[in-house]
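Topology and contacts: notes
Chain by chain, the residues:
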Amino acid sequence: MDLILALKAVIMGLVEGFTEFLPISSTGHLILAGSLLDFTGEKIKVFEIVIQAGAIFAVCWEYRAKIASVLSGLGSQPKARKFALNLIIGFLPAAILGLIFSKKIKAVLFAPVPVALAFIVGGVIILLVERHTKANPVSVRIHSVDDMTPFDALKVGLAQAFALIPGTSRSGASIIGGMALGLSRKAATEFSFFLAIPTLLGATVYSLYKERALLSMADLPLFGIGTLAAFVSAFLCVRWLLRYISSHDFTVFAWYRIVFGIVVIASAHFGWVVWAD
């Protein structure tokens, strides 16, 4: 495998892992990074989805005790069955809408400027939700993922479905949506982590199956390098984020999104960077 190509795969994997669980849009960053690296094309779109498996493995490892407890208790513990049901319910909106609209979304919105606009809009929404949360602390009614009802899970799942728009951020939509719906910052963040498992796994398997004609065994090293880089960076990010939210809000990510989106739009408008669709 070409060394430059391998380096690009590592960079893309690091971008995926460091951005997947932050409310700043991994898809948006991958589109922009791929454009800057001239790492684009139909096969690369599959690559960007498949390396999400690395982020999935990172969450599974971090929460291995919780996952093992749920799996072992499915046959005997109502708490475990409720948690599993909530994940299924939360996963379904994005899965169903993705199957219906993914082709049109990829054709129209997988480009730097639409992504940048979604960055800005998402940043403004985060600021508004954070302001509401600070002004109404008593509105928090769920402090643990185990206290969520199936209806709570459905509402968070509907919020996550907005992340089908590139640049919105799956984690941002589910975390900020959860907070707006009454979940504590910690509960919303952890449910977003768990919800990533079926969501990203489903997207990975579906993409591999759908685009199997594009791929060959020769692509395995490239995909493997990207997935490994995504695992390492996602694991570090999850650990860091759990510490961060214990004493900070998401305002800094909101301003990052807004500034970054403005820079991308300005660079495209004035020709500072030639963004490849």
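To keep things clear, this report deals only with the structure shown in the data block. The structure presented is a predicted model; accordingly, all values stated were derived computationally and were not measured.

Conventions adopted
Residues numbered from 1 in each chain as written. Predicted model: local features only at pLDDT ≥ 70, side-chain atom pairs only at ≥ 80, totals over all residues. Heavy atoms only, no water. Helix = DSSP H or I, 4+ residues; strand = E, 2+ residues; numbered from the N terminus. Rg over C-alpha atoms; globule rule 2.2 N^0.38 Å. Buried < 20%, exposed > 50% of the residue type's maximum accessible area, 1.4 Å probe, protein only. Contact = heavy atoms within 4.5 Å. Lys, Arg positive; Asp, Glu negative; His and termini not counted. Charge placed at Lys NZ, Arg CZ, Asp CG, Glu CD. Axes fitted to C-alpha atoms, helices over the stretch in contact; angles between N-to-C directions. Left-handed = near helix turned anticlockwise from the far one by under 90°. Nonpolar A, V, L, I, M, F, W, Y, C, P; charged D, E, K, R; others polar. Salt bridge = Lys/Arg side-chain N within 4 Å of Asp/Glu carboxyl O. Core = buried A, V, L, I, M, F, W, Y, C linked by side-chain atoms within 4.5 Å. Phe/Tyr/Trp six-rings, centres within 6.5 Å; stacked < 30°, edge-to-face > 60°. Lys NZ or Arg CZ within 6 Å of the ring centre and 35° of its normal. Expected span 1.5 Å × (residues − 1).

A separate point is the overall build of the protein. Secondary structure summary: the protein contains 12 helices and zero strands in total. Listing every helix and strand of the protein by position from the N terminus yields α-α-α-α-α-α-α-α-α-α-α-α. Here the C-alpha atoms of the protein give a radius of gyration of 18 Å, agreeing with the 19 Å that 2.2 N^0.38 yields for 277 residues. Sorting the 277 residues of the protein into buried and exposed places 49% on the buried side. Excluding contacts between residues fewer than 6 apart, the proportion of contacts in the protein whose partners are at least 24 apart in sequence is 82%. The centroid of the 23 positive side-chain charges in the protein is displaced by 6 Å from the centroid of its 16 negative side-chain charges.

Once that is clear, we can look at the packing of helix α1 (residues 3–19) against helix α11 (residues 220–244). One way to put it is that α1 packs onto α11 with a least axis distance of 7 Å and a crossing angle of 30°. Read as a crossing pair, α1 and α11 show a hand that is right-handed. Within the contact between the two elements, α1 uses Leu5, Ala6, Ala9, Val10, Gly13, Leu14, Glu16, Gly17 and Phe18 and α11 uses Leu222, Ile225, Gly226, Ala229, Ala230, Ser233, Ala234, Leu236 and Cys237. Of the residues contributing to the contact of α1 with α11, the split by class is 13 nonpolar, four polar and one charged.

Let's shift gears to the environment of Val46. Counting through the fold element by element, Val46 comes out in helix α3 (residues 42–50). Overall, the relative accessible area of 2% leaves Val46 in the buried class. In the structure, Val46 is positioned 21 residues away from Ile67 in sequence and 28 Å away in space, judged by C-alpha atoms. If near-sequence neighbours (up to four positions away) are discounted, Val46 is found in contact with Ser207, Glu211, Leu214, Leu215 and Phe223.

What follows is about the environment of Glu16. You can see Glu16 is positioned in helix α1. In this structure the C-alpha to C-alpha distance between Glu16 and Ala163, which are 147 residues apart in sequence, comes to 15 Å.

This part takes up the pattern of salt bridges. Using the criterion set out here, one finds 11 salt bridges in the structure. One salt bridge in this structure joins Glu20 and Arg170, with 3.4 Å as the shortest N-O distance. Within this pair, whereas Glu20 is found in the loop between α1 and α2 (26–37), its partner Arg170 is found in helix α9 (residues 170–180), the two being separated by 150 residues in sequence. Across the pair, exposure class does not vary: Glu20 and Arg170 are buried alike. For the salt bridge of Lys45 with Glu42, the shortest nitrogen-to-oxygen distance reads 3.7 Å. Here Lys45 pairs with Glu42, and both are found in helix α3, just three residues apart, close to one helical turn. Residue Lys45 is classed as partly exposed on the basis of its relative accessible area of 26%.

Okay, the nonpolar core next. Core analysis: the largest hydrophobic core is formed by 44 residues, its most contacted members being Phe21, Phe191 and Phe250. Residue assignment for this core shows that the elements contributing at least two residues are α4 (52–62), α6 (78–109), α7 (112–135), α8 (150–161), α9, α10 (185–210), α11 and α12 (251–270). A per-element tally of this core places α10 first, with nine residues. Those residues in contact with Phe21, other than ones at most four positions away along the chain, are Ala55, Val59, Arg170, Ser171, Ile175, Phe193, Ala196, Ala234, Val238 and Leu241.

Attention shifts here to α4. In an α-helix, one turn spans 3.6 residues, which is why side chains three or four residues apart end up on the same side. Those residues of α4 that sit buried are Gln52, Ala53, Gly54, Ala55, Ile56, Ala58 and Val59. Turning to α4, the residues buried within the fold contact α1, α3, α10 and α11.

Assignment of secondary structure puts Lys8 in helix α1. One buried charge, Lys8, has no salt-bridge partner; the nearest side chain with opposite charge is Asp38, at 5.1 Å.

Further remarks concern the packing of aromatic side chains. This model, assessed by the stated rule, comprises 13 aromatic pairs. With centroids separated by 6.1 Å and ring planes inclined at 50°, the aromatic side chains of Tyr63 and Phe193 adopt a geometry described as tilted. Remark: Phe193 occurs in helix α10 and Tyr63 occurs in the loop between α4 and α5 (64–73); sequence separation between them is 130 residues. Summarising the burial analysis for this pair, Tyr63 and Phe193 share the class buried. Chaining the aromatic ring pairs together yields one cluster made of Phe21, Tyr63, Phe83, Phe193 and Phe194. Here the guanidinium or amino end of Arg64 rests over the ring plane of Trp61, the centre of that ring lying 4.0 Å away.

Over its 20 residues, α12 runs 29 Å from end to end, which matches the ideal 28 Å to within 8%, given 1.5 Å per residue. Where α12 is concerned, the buried positions are Phe253, Ala254, Arg257, Ile258, Gly261, Val264, Ala266 and Ser267. In this structure, the buried residues of α12 make contact with α2, α7 and α11. Count one or two residues on from α12 and you reach Gly271, which has phi positive near 75°.

The quantities given are spatial measurements derived from coordinates; they are silent on function.
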